[in-house]
Amino acid sequence: MIYAKQLTKKFGELVAVNKLDLFVKSGEIYGFLGPNGAGKTTTIKMLTGILKPTEGEIKLLGMNMENDEIAIKRAIGVVPDEPRMYDNLKGIEFMQFIMEIYKSPREETVKRFEDICKAFGIDYLDKFIGDYSHGMKQKLMLATVLMRQPRVVFLDEPTVGLDARSAKILKLWLRKMANNGAAIFMTTHVLEIAEKMCDRIGIINEGKLIAEGNLEELKELSKEKYETLEDLFLELTGGNEFKDIIDHLSE
Amino acid sequence: MKTLLILLKYRLKNTSFSRKTRSRFYIPGLQFLILLLVFGSLIFPGAYRTFSELKQYEESLNLSIVNGLSISESYFSFITLVMLVLGFLNFLPYLVYSLSDYEELNFLLQLPVKKGTIFVYKAFDAFAGTFMSFAIYIPIAFAFGLSRSLFYAFLTLLAAFTGYFLMLTLALFVSSLLFNHISRNIAKRLGGVLILVNAVVFLLLFSVVASNGSFEAGKILEISSSMAKRYLPSYWVAKAATGGGLEWLLLLFFGMWFFRMAYRFASKALFEPVESEKSIIAFNENKRVNLIKKEILLLARTEQSFFFFFYPLIFSIIMIFTTREMYSSTLVMVMISSFYASQMMVISMSSEFLSWPLPAYLPLKLETAILAKTILITMIYTTLFVVSILINVMYLDMNPLLLLSFPGAFMTFFISALLGVKFYLSSGAYKSGVHRRRLGLGSTLILEILTFVAAVGNIMVLMAFLYVRGMQKVNILLFDLLFSGTTGILLGLGIPIFASVVMTVYSMKALKKQLRLIKEGK
């Protein structure tokens with residue numbers, strides 16, 4: 001479903017993403033982890049057609065990003081790290097705009113949207129988006145993506161700003177979508193979420209994919225056995241340089 | 001008080017002006033002082049002479065007093081009324097915008113600062129943006145007082161300050177009522193309407209006072225006397241300036257009362273979180289929000305839209321009725337409209353980039369979204385242009401053939417709008433994270449020149465050509481020479497076509513280049 005080969009992005013001299021190979025199959029939740037500035041968001045931007053890669057090939061749902069950008073965009077769903085929308089539209093108007101622009105089948109989309117709104121507690125659709133809090137915007141953004149039931153979903157830090165109930169519902173919803181055959185690609189800094197939700201995890205550091213596999217495979221890859229993904233992540237991304245400080249703070 | 005001063009100190013520091021000069025020359029409030037001195041040196045001498053002459057005139061002829069005011073006093077009262085009305089119409093929209101700034105309000109509420117202090121701070125903030133009318137009024141008031149004696153000069157200044165304070169508190173009161181009864185978004189839009197009203201009042205006052213391009217002293221004095229009403233605050237200011245005790249009480253009482261009421265309402269409306277009403281989602285089956293409808297909704301809800309769209313038309317209508325001359329009124333309208341079309345695109349683009357990267361995720365090309373905006377704004381300005389020509393045709397009995405100039409107007413506004421996008425994208429404002437809603441001074445000036453060229457190259461030549469061909473009474477010899485005969489047809493149609501093609505190709509190429517750079521992440 002998601003295929004990227006030798007994906008590279010350079011900003012002048014800086015290599016933000018370096019020869020990245022990715023493959024996410026149908027029914028899989030893929031967690032993409034890495035420290036700040038590792039290249040996660042740049043990768044998502046390339047995979048979703050916002051940024052043009054300097055080198056490499058991207059295929060989504062069998063379509064090539066170079067030739068079928070619009071068709072790909074219509075088929076996928078993206079929840080960016082910042083839920084920015086049109087402040088001067090009301091929630092309901094934004095939903096209708098998304099439905100029209102994606103040409104989603106009206107009746108079933110509306111039905112699904114109502115269900116999602118009920119689940120997430122979205123009861124502020126008649127208000128202007130500019131008046132929403134971060135969490136309210138994030139829920140609306142999620143609802144307008146999930147209502148279309150895209151076959152590939154990209155989520156950049158989806159749980160940021162969500163209350164515990166909404167975060168739980170999101171996890172369940174994503175799992176349900178994956179069970180129905182969707183491919184889910186998500187980044188997160190909450191390693192516990194990645195540990196519990198993701199079928200496979202890729203760790204990126206300084207633009208390079210340094211490890212990939214399910215939790216067990218990743219633990220095998222590391223020098224020592226670690227109890228949690230957090231310890232493993234720190235080991236792989238060089239965070240163990242700060243282990244003394246972390247241990248001290250943990251006491 | 002100390003907290004308020006701290007807030008104001010950092011507010012004054014937080015300007016681009018101070019950023020450039022802070023390192024060596026920064027003095028808080030320096031720009032206001034400079035503005036006051038500039039206006040003072042320009043206005044004071046003339047105002048002082050006028051009031052002195054009026055006073056001598058009164059004394060020598062022993063002129064009667066109207067409603068308790070002498071001629072010079074009623075003239076000062078009239079000027080006060082004009083300045084207070086303009087100040088009010090200027091201050092109120094600024095205040096509404098300032099109080100609608102959620103982000104700053106939320107930040108300020110986190111600080112250990114009293115709500116009342118925040119409210120007063122926001123009022124100061126808004127006043128700083130409308131300082132000009134105050135800077136014009138103060139030298140006039142000082143001149144009026146000094147024409148009597150130094151004591152009266154200070155008394156008049158004090159009365160003027162108190163009168164201005166009353167006007168400001170009235171605006172505070174109105175804005176707090178607005179926020180109490182209507183939503184923040186509607187209040188903001190109303191602010192946009194008020195800016196237009198302000199401009200219209202200014203234009204109307206100017207056309208009344210200076211009809212046929214010259215100021216008539218007799219007419220002004222006649223209006224002044226008729227406006228000297230005992231119930232007007234401007235009357236109280238004039239009386240207080242000359243020692244009226246009751247008027248001082250009235251000014252202070254109403255000033256304090258409005259402030260108290262405004263504070264009470266504003267504390268309730270602005271600083272308490274609004275409980276979201278539980279509502280059931282009601283879908284209107286026929287309601288669709290497609291790309292164009294989204295653009296219309298966003299444009300209609302942008303605070304500046306009302307002003308930017310209707311000001312050129314209103315300006316042109318006032319010119320039609322005062323000068324009774326078509327070509328100049330249309331010229332001015334097209335110039336303003338083409339520049340405003342580019343500015344509206346800047347505003348519209350910034351709202352698009354405020355939601356970035358959402359527009360890039362949508363299944364349509366960014367060019368399509370931009371073109372939809374461009375066409376919409378162009379159509380609105382073209383329609384307003386046609387309305388203006390129709391008024392000319394009906395009121396000034398012009399040849400309806402002039403309506404054929406609308407393709408030229410369309411191209412002018414289309415090119416101007418595209419240039420607006422190009423300049424917005426090349427300024428990099430969308431990358432700043434601040435998403436500025438206006439361009440820098442340099443870019444604005446270049447844009448103004450380019451839109452001027454677009455207006456002259458397209459519509460003005462075409463209109464001059466149609467003017468001549470429509471066998472109107474032309475009075476402009478150059479037009480007759482240029483646009484008569486076969487060469488005239490070539491020039492009259494050739495120049496607009498050539499200008500349209502060249503400028504459209506240039507704008508489109510520049511736009512595509514910018515979009516490519518965005519895609520490459522540069």
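Rules of the game
Residues numbered from 1 in each chain as written. Chains lettered and ligands numbered in written order. Predicted model: local features only at pLDDT ≥ 70, side-chain atom pairs only at ≥ 80, totals over all residues. Heavy atoms only, no water. Helix = DSSP H or I, 4+ residues; strand = E, 2+ residues; numbered from the N terminus. Areas by Shrake-Rupley, 256 points an atom, 1.4 Å probe, with all protein chains shown as cover. Patch = residues over 30% accessible without salt bridge, like charges linked within 9 Å, V, L, I, M, F, W, Y side chains within 5 Å. Salt bridge = Lys/Arg side-chain N within 4 Å of Asp/Glu carboxyl O. Buried < 20%, exposed > 50% of the residue type's maximum accessible area, 1.4 Å probe, protein only. Phe/Tyr/Trp six-rings, centres within 6.5 Å; stacked < 30°, edge-to-face > 60°. Lys NZ or Arg CZ within 6 Å of the ring centre and 35° of its normal. Contact = heavy atoms within 4.5 Å. Buried area = accessible area lost by both parts, 1.4 Å probe. Polar contact = N/O pair within 3.5 Å; in protein donor to acceptor, adjacent residues only side chain to side chain. Nonpolar A, V, L, I, M, F, W, Y, C, P; charged D, E, K, R; others polar. Pairing = 2+ DSSP bridges. Axes fitted to C-alpha atoms, helices over the stretch in contact; angles between N-to-C directions.

S.K.: Which residues make up the overall build of chain B, and what values go with them?
M.R.: Within chain B, the secondary structure is distributed over 21 helices and zero strands. With an accessible surface of roughly 25200 Å², chain B has 69% of that area assigned to carbon and sulfur atoms.

S.K.: Any chance you could break down a nonpolar patch on the surface for me, citing the residues and the numbers?
M.R.: Residue and element names in this part refer to chain B. A cluster of nonpolar side chains, contributed by I489, L493, I497, V501 and V505, occupies part of the molecular surface with about 420 Å² of accessible area. You can see I489 is positioned in helix α21 (residues 485-519). Residue class for I489 comes out partly exposed when judged on its relative accessible area of 37%.

S.K.: Go over unusual backbone geometry with me, naming the residues and quoting the values.
M.R.: Here the amide bond leading from W356(B) into P357(B) is cis, since omega sits at 10°, within 30 degrees of zero. With respect to the element layout, P357(B) can be found in the loop between α15 (326-354) and α16 (358-361). Phi at K19(A) takes a positive value of approximately 45°, unusual for a residue other than glycine. Assignment of secondary structure puts K19(A) in strand β2 (residues 14-24). You will see that L61(A), though not glycine, has its phi angle at about 55°, which is positive.

S.K.: Describe the packing of aromatic side chains, and please don't skip the residues or the numbers.
M.R.: For the structure on display, the rule yields 40 aromatic pairs over all chains. Note on Y137(B) and Y164(B): the rings are 6.1 Å apart at their centroids and 25° apart in plane angle, and the pair reads as stacked. One end of the pair, Y137(B), is in helix α7 (residues 131-146); the other, Y164(B), is in helix α8 (residues 150-181), with 27 residues separating them in the sequence. Y164(B) carries the same exposure label as Y137(B), and that label is buried. Between the aromatic rings of F254(B) and F258(B), the centroid separation amounts to 6.2 Å while the plane-to-plane angle is 40°, which identifies the pairing as tilted. One end of the pair, F254(B), and the other, F258(B), are both in helix α12 (residues 245-271), four residues apart, so they sit about a helical turn from each other. Residue classification places F254(B) among the partly exposed residues on the basis of a relative accessible area of 27%. Ring pairs connect the aromatic residues F51(B), Y75(B), F76(B), F127(B), F134(B), Y137(B), F144(B), F161(B) and Y164(B), which therefore count as one cluster. The ring of Y102(A) is capped by R148(A), whose NZ or CZ atom sits 3.6 Å from the centre of that ring.

S.K.: I'd like to hear about the interface of chain A and chain B, residue by residue, with values.
M.R.: Each partner contributes residues to the interface: chain A has 43 residues there, and chain B has 40 residues. Between chain A and chain B, a total of about 4100 Å² is buried, with carbon and sulfur atoms accounting for 59% of that surface. If you look at where chain A meets chain B, you find one salt bridge. A salt bridge links R301(B) to E93(A), with the shortest nitrogen-to-oxygen separation between them at 2.5 Å. Remark: the boundary between chain A and chain B carries seven residue pairs in polar contact (both at pLDDT 80 or more). Of all the secondary structure elements, the ones that give two or more residues to the side of chain A that touches chain B are β1 (2-11), α2 (69-75), α3 (91-101) and α4 (106-120) of chain A. For the side of chain A that touches chain B, the leading source of residues is α3(A), giving nine residues. Its residues assigned to classes, the side of chain A that touches chain B comprises 23 nonpolar, five polar and 15 charged.

S.K.: Give a description of the sheet that holds strand β6 (residues 76-79) of chain A that names residues and reports values.
M.R.: All names here are of chain A. Strand order in the open sheet formed by six strands is β6-β7-β8-β3-β9-β10, with mixed pairing between adjacent strands. The sheet terminates laterally at β6 and β10 (208-213), the two strands that pair on one side only. Ignoring which end each strand starts from, the neighbouring axes of this sheet average 15° apart. In this structure, strand β3 (residues 29-33) lies alongside strand β8 (residues 183-187), joined through four bridges in parallel fashion. The residue of β8 that forms the bridge with Y30 is F185.

S.K.: So what's going on with the sheet that holds β2(A)? Residues and values would help.
M.R.: Residue and element names in this part refer to chain A. One open sheet holds the four strands; their spatial order is β2-β1-β4-β5, and the pairing between them is antiparallel. For this open sheet the edge positions go to β2 and β5 (63-64), each flanked by a neighbour on one side alone. Alignment of β1 against strand β4 (residues 55-60), held across five bridges, turns out to be antiparallel. The residue bridging K5 from the neighbouring strand is E57, located in β4. On top of the sheet, helix α1 (residues 40-47) reaches β1, β2 and β4; it is set at about 120° to β1, its chief contact.

S.K.: Please provide a residue-by-residue account of α1(A), values included.
M.R.: Where burial is concerned, most of α1(A) is hidden: six out of the eight residues are buried. Here α1(A) has its buried residues at K40(A), T42(A), T43(A), I44(A), M46(A) and L47(A).

S.K.: So what's going on with helix α13 (residues 291-300) of chain B? Which residues, and what values?
M.R.: Where α13(B) is concerned, the buried positions are L291(B), K294(B), E295(B), L297(B), L298(B) and L299(B). At its buried positions, α13(B) is contacted by α3 of chain A together with α14 (305-323), α15 and α17 (366-395) of chain B.

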